[in-house]
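Remarks on the overall topology
Spelled out, the chains give:
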Amino acid sequence: MKCPFCGHENTRVIDSRPADENNSIRRRRVCDECEKRFTTYEKVETIPLIIIKKDNNRETYDRSKIEAGVLRACHKRPISAAQITQLVDEVETEIFNREEKEVPSAVIGELVMDKLKNLEAVAYVRFASVYREFKDINTFMDELKKVLK
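Please read these numbers as outputs of a predicted model, since none were measured by experiment.

Reading guide: rules and limits
Residues numbered from 1 in each chain as written. Predicted model: local features only at pLDDT ≥ 70, side-chain atom pairs only at ≥ 80, totals over all residues. Heavy atoms only, no water. Phe/Tyr/Trp six-rings, centres within 6.5 Å; stacked < 30°, edge-to-face > 60°. Helix = DSSP H or I, 4+ residues; strand = E, 2+ residues; numbered from the N terminus. Buried < 20%, exposed > 50% of the residue type's maximum accessible area, 1.4 Å probe, protein only. Lys NZ or Arg CZ within 6 Å of the ring centre and 35° of its normal. Polar contact = N/O pair within 3.5 Å; in protein donor to acceptor, adjacent residues only side chain to side chain. Contact = heavy atoms within 4.5 Å. Pairing = 2+ DSSP bridges. Axes fitted to C-alpha atoms, helices over the stretch in contact; angles between N-to-C directions. Disulfide = S-S within 2.5 Å. Parallel < 35°, antiparallel > 145°, perpendicular 65-115°, else oblique. Left-handed = near helix turned anticlockwise from the far one by under 90°. Nonpolar A, V, L, I, M, F, W, Y, C, P; charged D, E, K, R; others polar. Expected span 1.5 Å × (residues − 1).

**Details of the packing of aromatic side chains**
Taken as a whole and assessed by the stated rule, the structure comprises 2 aromatic pairs. Ring geometry for Tyr 61 against Phe 96: centres 5.5 Å apart, planes inclined by 85°, an arrangement best described as edge-to-face. Taken together, the residues Tyr 61 in the loop between strand E5 (58-60) and helix H1 (63-73) and Phe 96 in helix H2 (residues 81-97) connect sequence positions 35 residues apart. Residue classification places Phe 96 among the partly exposed residues on the basis of a relative accessible area of 41%. Sitting over the ring of Tyr 131, Lys 54 keeps its end group 5.1 Å from the ring centre.

**A look at the side chain of Thr 40**
You can see Thr 40 is positioned in strand E3 (residues 37-43). Within polar-contact distance, the side chain of Thr 40 engages the side chain of Arg 29 at 3.2 Å. Sequence-distant contacts of Thr 40, defined by excluding residues within four places in its chain, comprise Met 1, Ile 25, Arg 26, Arg 27 and Arg 29.

**Quick word on the sheet that holds strand E2 (residues 24-31)**
Here we have 3 strands laid out as an open sheet, ordered E1-E2-E3, and antiparallel in their pairing. At either end of the open sheet lies a strand with only one pairing partner, and these are strand E1 (11-19) and E3. For this sheet, the mean inter-axis angle between neighbouring strands, taken without regard to orientation, is 25°.

**Here we look at the pairing of E2**
In terms of strand pairing, E1 meets E2 through 8 bridges, oriented antiparallel. Across the sheet, residue Ser 16 finds its bridge partner in E2, namely Arg 27. Count of turn residues in the E1/E2 antiparallel hairpin: 4 residues, of which Asp 20 carries a positive phi of about 50°. Relative to E3, E2 runs antiparallel, the two sharing 7 bridges. Paired with Arg 27 across the two strands is Thr 40, which belongs to E3.

**Comments concerning the state of the cysteines**
Using the criterion set out here, one finds 0 disulfides in the structure. In this structure Cys 6 is a free cysteine whose sulfur lies 3.6 Å from that of Cys 31, the closest cysteine sulfur available. Residue class for Cys 6 comes out partly exposed when judged on its relative accessible area of 38%.

**Remarks on the packing of helix H4 (residues 121-131) against helix H5 (residues 137-148)**
Running from N to C, H4 and H5 point in directions that differ by 150°, and their axes come no closer than 11 Å. Compared by their axis directions, H4 and H5 come out roughly antiparallel. Considering how the two elements wind past one another, H4 and H5 form a crossing that is right-handed. Side by side, H4 and H5 meet where Ala 121, Tyr 124, Val 125, Ala 128 and Ser 129 of the first sit next to Phe 140, Glu 143, Leu 144 and Val 147 of the second. Class assignment of the residues belonging to the contact of H4 with H5 gives a composition of 7 nonpolar, 1 polar and 1 charged.

**Section: helix H3 (residues 105-119)**
With 15 residues, H3 should reach 21 Å at 1.5 Å per residue; the first-to-last C-alpha distance of 21 Å fits that figure. Listed as buried for H3 are Ser 105, Val 107, Ile 108, Gly 109, Leu 111, Val 112, Met 113 and Leu 116. Those residues of H3 that are buried lie in contact with strand E4 (50-52), H1, H2, strand E6 (102-104) and H4.

This is the structure:
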């Protein structure tokens, strides 16, 4: 590791400890040349996940978009913040377990709907009405009939 102060290439690690809830390692280093100390962080390199939208545009994965959609669907429903967080965590785990670099947004939408269907019927129908872009009352009623079965 190159010293940020003098540019010398020989530095030593004098202390290592977990950081960021065990997601990285904090290392204290000392330069063999100027003897100044500095800190580095080591973390696992992750490949960014790309989401393929309905119009075939691509964008990087953003957890907050899933959270926002679920929060809107669960507005004024008897669902706790912990339940919402758990649902989003489960969806995110399933997405990343696919080990694909690109995932269609339709896959994410279906995962969210499956989880919401098991959590709360009204939230599920709200999410489905936006996600599936119901055009009229008949398509809405068809989805309601599926829930009532």
